[in-house]
Amino acid sequence: MGVAQKALQTLHFDLPPLPYAEDALAPVVSAETVALHHGKHQRKYVDTMNQLLQKEPVRGATLEDVVRASRGKLFSNAAQAWNHDFYWHSLSPKKTRPSAALSRRIDADFGSYERFTDELAGAATDLFGSGWAWLVEDGGKLAVATTSNADTPMAYGKRCLLTIDVWEHAYYVDYRNQRERYLSGVIGERLNWEFAELNLGL
Ligand SMILES: [Fe+2]
């Protein structure tokens, strides 16, 4: 079999397990929300992506390859599969804070940790409709970004450090329409700074 044919073999991805127990993020994000979000919403994106990959073979091997190579419905489902796995890792069962090295980067690029959290909360609150709020590294600087629906900075070569899902399914069971309360809990108590540092290569 030639290399080109081999590269176009049908890809299949499993739903990645959560990095912690379903109740580990409570009370900020309840076990009920995590079970529904991971077991139903994320699973649906992964299943739909796998169905589409049977009809639309993609050159590559990883989920990142599929996101970067696809458009339309396949892109939306693959990006949602990637974003959700990144989201679970962006959250921590325990309160963490940036290391001294990362704190220096945050202070340099945002002014202070508090100004960073204000900017992240503001951007996530103001995002109209469904989407994601991110801490990214872009051109050597840390920045807050938002994307709508399934879109992801990873597709454009930006280095993602952390994300928060701001689709209603991420908070509606726990907070109803009060997105700000969900954001306050997640940003104040559940960001995984060890994951951010890993992504930054610190
Ligand atoms: Fe979600």
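A brief look at the structure comes next. (Residues numbered from 1 in each chain as written. Predicted model: local features only at pLDDT ≥ 70, side-chain atom pairs only at ≥ 80, totals over all residues. Heavy atoms only, no water.)

## Details of the side chain of R190
Working step 1: Considering the arrangement of structural elements, one finds R190 in the loop between helix 8 (179–189) and helix 9 (193–200).
Working step 2: Within polar-contact distance, the side chain of R190 engages the backbone oxygen of A26 at 3.2 Å.
Working step 3: Beyond its immediate sequence surroundings of up to four residues, R190 is in contact with A24, L25, A26, P27, V28, S90, L91, S92, P93 and G185. (Helix = DSSP H or I, 4+ residues; strand = E, 2+ residues; numbered from the N terminus. Polar contact = N/O pair within 3.5 Å; in protein donor to acceptor, adjacent residues only side chain to side chain. Contact = heavy atoms within 4.5 Å.)

## Quick notes on the coordination of the iron ion
Working step 1: The coordination sphere of the iron ion contains the protein donors H37 (NE2), H84 (NE2), D165 (OD) and H169 (NE2), at a distance range of 1.9 to 2.1 Å.
Working step 2: Coordination at the iron ion is tetrahedral, judged from the four donor atoms that bind it and the angles of 88 to 131° they form at the metal.
Working step 3: Look at where the donors of the iron ion fall in the sequence and you get H-x46-H-x80-D-x3-H. You can see H84 sitting in helix 4 (residues 72–90) and its partner H169 sitting in the loop between strand 3 (159–165) and helix 7 (172–175), a full 85 residues away along the chain. (Donors = N, O, S within 2.8 Å, 3.2 Å for Na, K, Ca; no water. Tetrahedral: all angles 85-135°; square planar, octahedral: opposite > 155°, others 65-115°.)

## Topic: the sheet that holds strand 3
Working step 1: Spatially, 2-1-3 is the arrangement adopted by the three strands of the open sheet, whose pairing is antiparallel. The two strands at the open ends of the sheet, each matched to only one other strand, are strand 2 (141–148) and strand 3. Within this sheet the neighbouring strands show an average axis-to-axis angle of 25°, counted without direction.
Working step 2: Note: strand 1 (residues 131–138) against strand 2, eight bridges, orientation antiparallel. In the strand pairing of strand 2, L135 is matched with V144.
Working step 3: Against the sheet, helix 4 makes contact with strand 1 and strand 3, and its axis sits at roughly 85° relative to strand 3, the strand it touches most. (Pairing = 2+ DSSP bridges. Axes fitted to C-alpha atoms, helices over the stretch in contact; angles between N-to-C directions.)

## Topic: the nonpolar core
Working step 1: Counting residues in each nonpolar core, the largest one holds 65 residues, and the members touching the most others are M49, F116, I164, Y182 and W193.
Working step 2: Examining the composition of this core, we find that nine residues originate from one element, helix 4, more than from any other.
Working step 3: Those residues in contact with M49 that lie beyond four places of it in its chain are F13, L63, L74, N77, A78 and A81. (Core = buried A, V, L, I, M, F, W, Y, C linked by side-chain atoms within 4.5 Å. Buried < 20%, exposed > 50% of the residue type's maximum accessible area, 1.4 Å probe, protein only.)

## Quick word on the pattern of salt bridges
Working step 1: Per the counting criterion, the structure on display carries five salt bridges.
Working step 2: E189 is the salt-bridge partner of K95, the closest N and O atoms lying 3.9 Å from each other. Separated by 94 residues along the polypeptide, K95 in the loop between helix 4 and helix 5 (100–110) and E189 in helix 8 bring together distant segments of the chain.
Working step 3: What emerges from the salt-bridge pattern is a single network uniting R105, E137 and R159. (Salt bridge = Lys/Arg side-chain N within 4 Å of Asp/Glu carboxyl O.)

## Side note on helix 6 (residues 113–126)
Working step 1: End to end, helix 6 covers 20 Å across 14 residues, agreeing with the expected 20 Å (1.5 Å per residue, within 8%).
Working step 2: Buried residues of helix 6: Y113, F116, T117, L120 and A124, and no others. The buried residues of helix 6 all sit within an arc of 95° when viewed along its axis, so they share a single face. In helix 6, the exposed positions angled more than 90 degrees off the buried face are occupied by E114, R115, D118 and D126. (Expected span 1.5 Å × (residues − 1). Arc of directions from axis to C-beta.)

## Some words on empty space enclosed by the protein
Working step 1: Applying the stated criterion across every chain yields a total of one cavity of 30 Å³ or more.
Working step 2: For the largest cavity, the calculated volume is near 30 Å³.
Working step 3: For the largest cavity, the full set of lining residues is F116, L120, A133, W134, L135, L162, T163, I164 and L191.
Working step 4: Counting only elements with at least two residues in the lining of the largest cavity, the list comes to helix 6, strand 1 and strand 3.
Working step 5: The class makeup of the residues in the lining of the largest cavity is eight nonpolar, one polar and no charged. (1 Å grid on protein atoms, 1.4 Å probe; cavity = no way out; pocket = protein on both sides within 12 Å on 5 of 7 lines; lining within 4 Å. Points joined across faces, edges and corners; volume = space filled by probe spheres on them. Nonpolar A, V, L, I, M, F, W, Y, C, P; charged D, E, K, R; others polar.)

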